[in-house]
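Here are the chains, one letter per residue:
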Number of protein chains: 2
Amino acid sequence: MEAQLTDARPRDRAATRQRLLEAARMLFGEYGYEQVTVRMIASAAGANIALVGRYFGSKAGLFGEVLAGEPTVRAVVEGDRAGLPRRLAEYAAERMSHDPESPILRSLERSAGDPEIQALVRDRLQAVLIEPIEALLGGPDAHARARMATAVFLGIGSVRRLVGPETPSPADVDRLTAVFELCLGLEPLP
Amino acid sequence: MEAQLTDARPRDRAATRQRLLEAARMLFGEYGYEQVTVRMIASAAGANIALVGRYFGSKAGLFGEVLAGEPTVRAVVEGDRAGLPRRLAEYAAERMSHDPESPILRSLERSAGDPEIQALVRDRLQAVLIEPIEALLGGPDAHARARMATAVFLGIGSVRRLVGPETPSPADVDRLTAVFELCLGLEPLP
DNA sequence: GCGGCTAGTAAACGAGCGTATACTCGCCGA
DNA sequence: TCGGCGAGTATACGCTCGTTTACTAGCCGC
């Protein structure tokens with residue numbers, strides 16, 4: 001009887017690449033760009049260090065690909081305009097008590113230093129949060145309002161990360177909803 | 001005529017220490033903890049690298065002393081309760097367009113990685129922002145409200161840092177004031 | 001005048017990083 | 001059967017970091 005009952009072939013470029021990508025996604029999200037070494041990634045993926053360079057060019061290239069491959073927070077931002085504050089508030093409330101699942105958001109919180117990485121993160125933040133909100137809002141100062149809502153959103157993550165998670169009460173979520181309504185210049189729902 | 005007209009004596013332990021401290025304050029504020037090397041600090045202070053270790057124990061020790069020596073944002077947090085949202089909003093608006101002068105706030109934005117540094121920054125954030133606001137507010141959920149206001153405050157800095165500065169309009173400041181009133185659970189001023 | 005305390009210096013250490021190189025080995029088509 | 005292509009490997013390179021060590025030299029009390 002031959003071994004290799006599973007379909008996981010050895011020497012499978014695509015599969016190894018994928019394992020590296022997923023290990024990187026997990027580690028970058030957990031610890032931030034600069035705290036994660038390529039050795040950690042390779043080790044977590046059960047692959048060789050040199051393969052990071054071979055498959056992604058560099059550590060930054062790998063990070064970029066992780067960011068690009070994210071499904072993002074689109075579910076929150078897409079949807080009807082009136083419900084946006086509530087959806088933002090509920091998502092933000094989730095982030096008061098738990099680390100985000102999305103490497104983008106985690107990276108936004110944790111990856112500060114490297115200018116190249118900052119540029120990647122910035123572009124992504126614009127693309128997945130600020131611009132969609134701005135488009136949904138419309139109006140003359142939509143950009144400023146989208147920016148402010150994004151600020152609240154990010155700040156909640158910063159506070160959790162810095163001073164620890166805390167479970168929000170229902171009243172907190174309501175207050176947060178009102179805050180987002182105010183930021184976005186939308187009327188409260190009846 | 002002898003040289004040394006100034007009162008800056010050479011071989012002055014206290015003065016050298018002070019120069020190192022001020023160079024560190026400036027650099028940490030500008031670039032964040034991990035981006036600044038002890039060589040940069042020593043060079044900016046015109047001192048030898050080894051003196052950082054001698055006078056402050058370590059880079060982290062120096063950072064801790066920089067944080068501890070900060071005058072902080074006390075002016076905003078101290079004062080009457082009713083005016084707090086406005087003061088917060090004005091200070092936050094300032095931070096929309098300019099980098100903060102305070103190394104604490106800058107470090108809050110930029111120093112993410114090292115756990116020891118994170119602990120220092122967290123303690124400082126609690127001491128200078130969350131706890132004073134909480135004390136000023138009073139009431140049952142004062143902590144949650146102080147946390148939320150702090151989140152908005154920090155988030156604004158994050159957005160400026162990530163996507164660039166933007167000068168707020170007077171309407172933005174008004175909206176921000178309302179946001180802080182909401183966060184803090186205070187009534188709007190007449 | 002001189003010995004010792006001490007501020008300041010130069011240089012190196014060891015570790016960790018991202019990256020690059022030279023290699024091994026197994027599979028597959030001819 | 002065999003040659004080569006390519007996935008995967010082991011290792012080292014060059015660099016920068018924080019830290020430490022051994023040393024130099026100036027001031028002060030005696």
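Each value, and the rule that gives it
- Residues numbered from 1 in each chain as written.
- Chains lettered and ligands numbered in written order.
- Predicted model: local features only at pLDDT ≥ 70, side-chain atom pairs only at ≥ 80, totals over all residues.
- Heavy atoms only, no water.
- Near = heavy atom within 4 Å.
- Polar contact = N/O pair within 3.5 Å; in protein donor to acceptor, adjacent residues only side chain to side chain.
- Helix = DSSP H or I, 4+ residues; strand = E, 2+ residues; numbered from the N terminus.
- Nonpolar A, V, L, I, M, F, W, Y, C, P; charged D, E, K, R; others polar.
- Domains from an automatic or database assignment.
- Contact = heavy atoms within 4.5 Å.
- Salt bridge = Lys/Arg side-chain N within 4 Å of Asp/Glu carboxyl O.
- Buried area = accessible area lost by both parts, 1.4 Å probe.
- Least-squares fit on C-alpha atoms with pLDDT ≥ 70 in both.
- Buried < 20%, exposed > 50% of the residue type's maximum accessible area, 1.4 Å probe, protein only.

Trainee: Explanation requested: the protein's contact with DNA strand D in the structure shown.
Mentor: By nearness alone, 20 residues border DNA strand D, and Thr16 and Tyr55 of chain A together with Thr37, Arg39 and Lys59 of chain B come closest of all. The sugar and phosphate moieties of DNA strand D supply 47% of its atoms located within 4 Å of the protein. Taking Arg54 of chain A, its side chain carries an N or O atom lying 3.2 Å from a base oxygen of DNA strand D. Within the contact set of DNA strand D, a phosphate oxygen lies 3.5 Å away from a backbone nitrogen or oxygen of Val36 of chain B. Taken together, the elements giving at least two residues each to the surface near DNA strand D come down to α1 (13–31) and α3 (49–56) of chain A together with α2 (38–45) and α3 (50–56) of chain B. The biggest single contributor to the surface near DNA strand D is α3 of chain A, with four residues. Residues that form the surface near DNA strand D fall into these classes: seven nonpolar, four polar and nine charged.

Trainee: Would you mind showing me how to read the domain arrangement of chain A here?
Mentor: When the parts come together, some accessible area is lost, and that loss is often what is quoted as the size of the interface. All names here are of chain A. Domain parsing of chain A yields domain 1 (13–68) and domain 2 (74–184). Inter-centroid distance (C-alpha atoms) of domain 1 to domain 2 is 26 Å. Each partner contributes to the interface: domain 1 provides 14 residues, whereas domain 2 provides 15 residues. In this structure, the connection of domain 1 to domain 2 is made through zero salt bridges.

Trainee: What's the story with the interface of chain B and chain A in this structure? I'm lost.
Mentor: Contact residues are listed per partner, giving 43 residues for chain B and 43 residues for chain A. The junction of chain B with chain A conceals about 3,500 Å² of combined surface from both sides, 65% of it contributed by carbon and sulfur atoms. Area buried by chain B at its contact with chain A is led by Arg147, Leu162 and Arg175 of chain B, which between them contribute 21% of it. Counting the contacts that link chain B with chain A gives four salt bridges. A salt bridge links Glu166 of chain B to Arg147 of chain A; its shortest N-O distance comes to 3.3 Å. On inspection of chain B and its partner chain A, the count reaches six residue pairs in polar contact (both at pLDDT 80 or more). At the level of elements, α7 (103–110), α8 (115–137), α9 (142–163) and α10 (170–184) of chain B are the ones that each hand at least two residues to the side of chain B that touches chain A. Take the side of chain B that touches chain A: its biggest share by element is 17 residues, from α9 of chain B.

Trainee: Help me out: how do you make sense of the relation of the copies chain B and chain A in this one?
Mentor: These two copies of the chain differ by a rotation about an axis and a displacement along the same axis. With an RMSD of 0.1 Å, the fit of chain B onto chain A corresponds to turning through 179° and sliding 0.0 Å along the axis. The superposition of one copy onto the other is thereby described by a two-fold rotation axis. Every residue of chain B has its C-alpha some distance from the rotation axis, and the shortest such distance is that of Gly155 of chain B, at 1.7 Å. The overlap is high: 100% of the interface residues of chain B also sit at the interface in chain A, so the same surface is used on both sides.

Trainee: What is the right way to read the protein's contact with DNA strand C from this model?
Mentor: Inspection of the region around DNA strand C gives 20 residues, with Thr37 and Lys59 of chain A together with Arg11, Thr16 and Tyr55 of chain B positioned closest. Taking the atoms of DNA strand C that fall within 4 Å of the protein, sugar and phosphate contribute 49% of them. With respect to DNA strand C, the side chain of Asn48 of chain B contributes an N or O atom lying 3.5 Å from a base nitrogen. In this structure, Tyr55 of chain B approaches DNA strand C through a side-chain N or O atom, which is 2.6 Å from a phosphate oxygen. Of all the secondary-structure elements, those providing two or more residues to the surface near DNA strand C are α2 (38–45) and α3 of chain A together with α1 (13–31) and α3 of chain B. If one sorts the elements of the surface near DNA strand C by residue count, α3 of chain B sits on top with four residues. Looking at the surface near DNA strand C, its residues break down into seven nonpolar, four polar and nine charged.

Trainee: Sorry if this is basic, but what is going on with the pattern of salt bridges here?
Mentor: Pairing is possible between side chains that carry opposite charge, provided their charged atoms lie close to one another. Here the structure, examined in full by the defined rule, presents 22 salt bridges over all chains. Between Arg86 of chain A and Asp174 of chain A there is a salt bridge, with the nearest N and O atoms lying 3.2 Å from each other. With Arg86 of chain A in helix α6 (residues 84–97) and Asp174 of chain A in helix α10 (residues 170–184), the pair connects residues that are 88 residues apart, well separated along the chain. Accessibility expressed as a relative area gives 31% for Arg86 of chain A, which makes it partly exposed. Three or more residues are tied together by salt bridges with common partners; here these are Asp141 and Arg145 of chain A together with Asp172 and Arg175 of chain B.

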